[in-house]
Amino acid sequence: MMMPFKRQALVEFENIDSAKECVTFAADEPVYIAGQQAFFNYSTSKRITRPGNTDDPSGGNKVLLLSIQNPLYPITVDVLYTVCNPVGKVQRIVIFKRNGIQAMVEFESVLCAQKAKAALNGADIYAGCCTLKIEYARPTRLNVIRNDNDSWDYTKPYLGRRDRGKGRQRQAILGEHPSSFRHDGYGSHGPLLPLPSRYRMGSRDTPELVAYPLPQASSSYMHGGNPSGSVVMVSGLHQLKMNCSRVFNLFCLYGNIEKVKFMKTIPGTALVEMGDEYAVERAVTHLNNVKLFGKRLNVCVSKQHSVVPSQIFELEDGTSSYKDFAMSKNNRFTSAGQASKNIIQPPSCVLHYYNVPLCVTEETFTKLCNDHEVLTFIKYKVFDAKPSAKTLSGLLEWECKTDAVEALTALNHYQIRVPNGSNPYTLKLCFSTSSHL
């Protein structure tokens, strides 16, 4: 049984001896799953229980809980309806974003829910991302107050409906995402992906191509305002080692940062206003529960719609508790072209560095780590540069993921000055797709 937001799972063996062999083996030799070391121990649970039997029509529940992992693209009721309805008739959908992206989908019957769970569990909504982890929900019926991007009752099409001038019900019929939905991150139709055959009930029921929206640049740059849900609250920040700039260094990997404000009433907690709600989703997904400077971060969507510069005070390191990054050149999603160059990766023990001067060596990075009081890397690699290149790039590997996260937080955007040079070089860091060098 997967527990994705705890990064844990329960595995039930046929007998105790097999479980003992697994724990003993993992204690002697490191076991890596998807490039991350996994740790095995005995659970307090004696067996894994499930709400119902998928083979028994009388078992289970007609409401499914969907956890969307690695949500690189927007997840709305349109998208989930598009995916789920061809398998079984969907009645209601509710999306919530407290700890990552989750949704409850109510089907017409238990049998429809069972078919959907069997067909969609473990599938990617889009290629290589937005992976569905599905289990039965506890509620047996969903209560939808209004129809919008995060909730929809398909039995009541006009429930609390906000008039968008369409003059008709805004249902997400497969392949018909509204082309004018710029407010929600939808532009014109994106590339078409073939819909896997197991999603289809029949050629007459479902078109074989589904259009998906490409990620947009920061909505605040495009529309002059922020949609709801563009503020993230992060707690568990080290009061001596964290400040606004270091929060920016870490969170800017997942979207533009507008403002950062530490809360005076709750020590070690900050509000981060990001470019749009999808940047917040990515930050919550990848940074929640990450360990940083001996403390574990709790990252969730804030109820605040924006960060207001009030109750400004001095942090432990002497810097201000509030900083505006809206015009920072270090934001990496300020245009569609710039945003497309970013590879959204979860934290790993390997960092990719770039935009450093040709004179930088391994010793330079070692000194930087020592000066900023973070652990030094264990492996160093520099990529071959073109003869005309003015900067270098490469990889740095740390002993563990936590060490790499701390180094990135402290060193990202460090200004490297060159003798006789007019302008400093800004060191850029991000998590690498490589798990080891």
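Residues numbered from 1 in each chain as written. Predicted model: local features only at pLDDT ≥ 70, side-chain atom pairs only at ≥ 80, totals over all residues. Heavy atoms only, no water.

Engineer: I would appreciate a short explanation of the overall build of the protein in the present structure.
Structural biologist: What the protein contains, in helices and strands, is nine helices and 25 strands. For the protein, buried positions account for 46% of its 437 residues. At a minimum sequence separation of 6, the contacts of the protein that also span at least 24 residues come to 67%. Summed over all atoms, the accessible surface of the protein reaches about 22400 Å², with 50% contributed by carbon and sulfur. (Helix = DSSP H or I, 4+ residues; strand = E, 2+ residues; numbered from the N terminus. Buried < 20%, exposed > 50% of the residue type's maximum accessible area, 1.4 Å probe, protein only. Contact = heavy atoms within 4.5 Å. Areas by Shrake-Rupley, 256 points an atom, 1.4 Å probe, with all protein chains shown as cover.)

Engineer: Just checking my understanding: could you explain the sheet that holds strand 5 (residues 63–69) for this structure?
Structural biologist: Note on sheets: strands pair through backbone hydrogen bonds, and any given pair is parallel or antiparallel. Taken together, six strands build an open sheet; the order of strands is 8-9-5-7-6-10 and the sheet is antiparallel. Bordering the open sheet on either side are strand 8 (124–126) and strand 10 (151–153), each of which pairs with just one other strand. Strand-to-strand, the axes of this sheet are offset by a mean angle of 25°, without reference to chain direction. Bridge count for strand 8 against strand 9 (residues 129–136) is two bridges, and the pairing is antiparallel. Across the sheet, the residue bridging to Tyr126 is Cys129, located in strand 9. Its contacts with the sheet place helix 3 (residues 110–120) against strand 5, strand 7 (101–107) and strand 9, and it is angled at close to 140° to strand 9. (Pairing = 2+ DSSP bridges. Axes fitted to C-alpha atoms, helices over the stretch in contact; angles between N-to-C directions.)

Engineer: Would you explain the environment of Asp148 in this entry?
Structural biologist: By the secondary structure assignment, Asp148 is in the loop between strand 9 and strand 10. Residue class for Asp148 comes out buried when judged on its relative accessible area of 11%. Asp148 sits 70 residues away from Asp78 along the chain, and the two C-alpha atoms are 9.7 Å apart. Among the polar contacts listed, one links the side chain of Asp148 to the side chain of Arg146, at a separation of 3.0 Å. (Polar contact = N/O pair within 3.5 Å; in protein donor to acceptor, adjacent residues only side chain to side chain.)

Engineer: Help me understand the packing of aromatic side chains, please; the structure alone is not making it clear to me.
Structural biologist: Think of a pair of aromatic rings as described by two things: how far the centres are apart, and how the planes are tilted against each other in angle. In this structure the tally under the stated criterion is eight aromatic pairs. Ring geometry for Phe248 against Phe325: centres 4.5 Å apart, planes inclined by 15°, an arrangement best described as stacked. Of this pair, Phe248 sits in helix 5 (residues 244–251) while Phe325 sits in the loop between strand 19 (322–324) and helix 7 (336–340), and the two are 77 residues apart along the sequence. Its relative accessible area of 3% is what places Phe248 among the buried residues. Both rings, one in Tyr353 and one in Phe365, keep their centres 4.7 Å apart while their planes meet at 50°; by these two values the pair is tilted. Linking Tyr353 in strand 20 (residues 350–357) with Phe365 in helix 8 (residues 362–371), this pair joins segments that are twelve residues apart in sequence. (Phe/Tyr/Trp six-rings, centres within 6.5 Å; stacked < 30°, edge-to-face > 60°.)

Engineer: Whenever I open this one, the pattern of salt bridges confuses me. Can you help?
Structural biologist: Close approach of charged atoms allows side chains of opposite charge to pair. A complete count under the given rule lists six salt bridges for this structure. Among the ionic pairs, Glu106 bridges to Arg92, the shortest N-O distance being 2.9 Å. Separated by 14 residues along the polypeptide, Glu106 in strand 7 and Arg92 in strand 6 (residues 90–96) bring together distant segments of the chain. Summarising the burial analysis for this pair, Glu106 and Arg92 share the class buried. (Salt bridge = Lys/Arg side-chain N within 4 Å of Asp/Glu carboxyl O.)

Engineer: Is there a simple way to explain the nonpolar core in this structure?
Structural biologist: Considering soluble globular proteins, one finds that nonpolar side chains tend to be buried as a cluster. Ranked by internal contacts, the top residues of the largest apolar core, which has 57 residues, are Leu250, Phe251, Ile257, Phe262, Phe365 and Leu427. When residues of this core are assigned to their parent elements, the largest contribution, six residues, is made by helix 9 (residues 401–411). Each of two domains, domain 3 (229–332) and domain 4 (344–429), supplies a minimum of three residues to this core. With sequence-adjacent residues up to four places away left out, Leu427 is seen in contact with Tyr353, Tyr354, Val356, Phe365, Leu368, Leu411, Asn412, His413, Tyr414 and Ile416. Core analysis: the next-biggest nonpolar cluster, separate from the first, contains 33 residues, Val83, Cys84, Cys112 and Cys129 among them. (Core = buried A, V, L, I, M, F, W, Y, C linked by side-chain atoms within 4.5 Å. Domains from an automatic or database assignment.)

Engineer: Quick question: what am I supposed to make of helix 2 (residues 77–84) here?
Structural biologist: What sets the pattern is the α-helix's 3.6 residues per turn: residues three or four places apart point alike. With eight of eight residues buried, helix 2 lies mostly within the body of the structure. The complete set of buried residues in helix 2 reads Val77, Asp78, Val79, Leu80, Tyr81, Thr82, Val83 and Cys84.

Engineer: Honestly, the side chain of Thr269 in this entry has me stumped. Any pointers?
Structural biologist: Its place among the elements puts Thr269 in strand 15 (residues 269–274). The residues touching Thr269, leaving out its near neighbours within four places in the chain, are Met233, Val234, Ser235, Leu237, Lys261, Phe262 and Met263.

Engineer: Explanation requested: the sheet that holds strand 13 (residues 231–235) in the structure shown.
Structural biologist: Pairing is antiparallel across the open sheet formed by five strands, whose spatial order is 18-13-15-14-19. The open sheet has two edge strands with one neighbour each: strand 18 (298–301) and strand 19. Between one strand and the next, the sheet's axes are offset by a mean angle of 15°, whatever the strand orientation. In the sheet, strand 13 pairs with strand 18 via four bridges, with the strands oriented antiparallel. Following the sheet pairing, Met233 is matched in strand 18 by Cys300. Contacts from helix 5 reach strand 13, strand 14 (257–262), strand 15, strand 18 and strand 19, with the element oriented near 135° to strand 14. Along the sheet, helix 6 (residues 277–287) makes contact with strand 13, strand 15 and strand 18, crossing strand 18 at roughly 155°.

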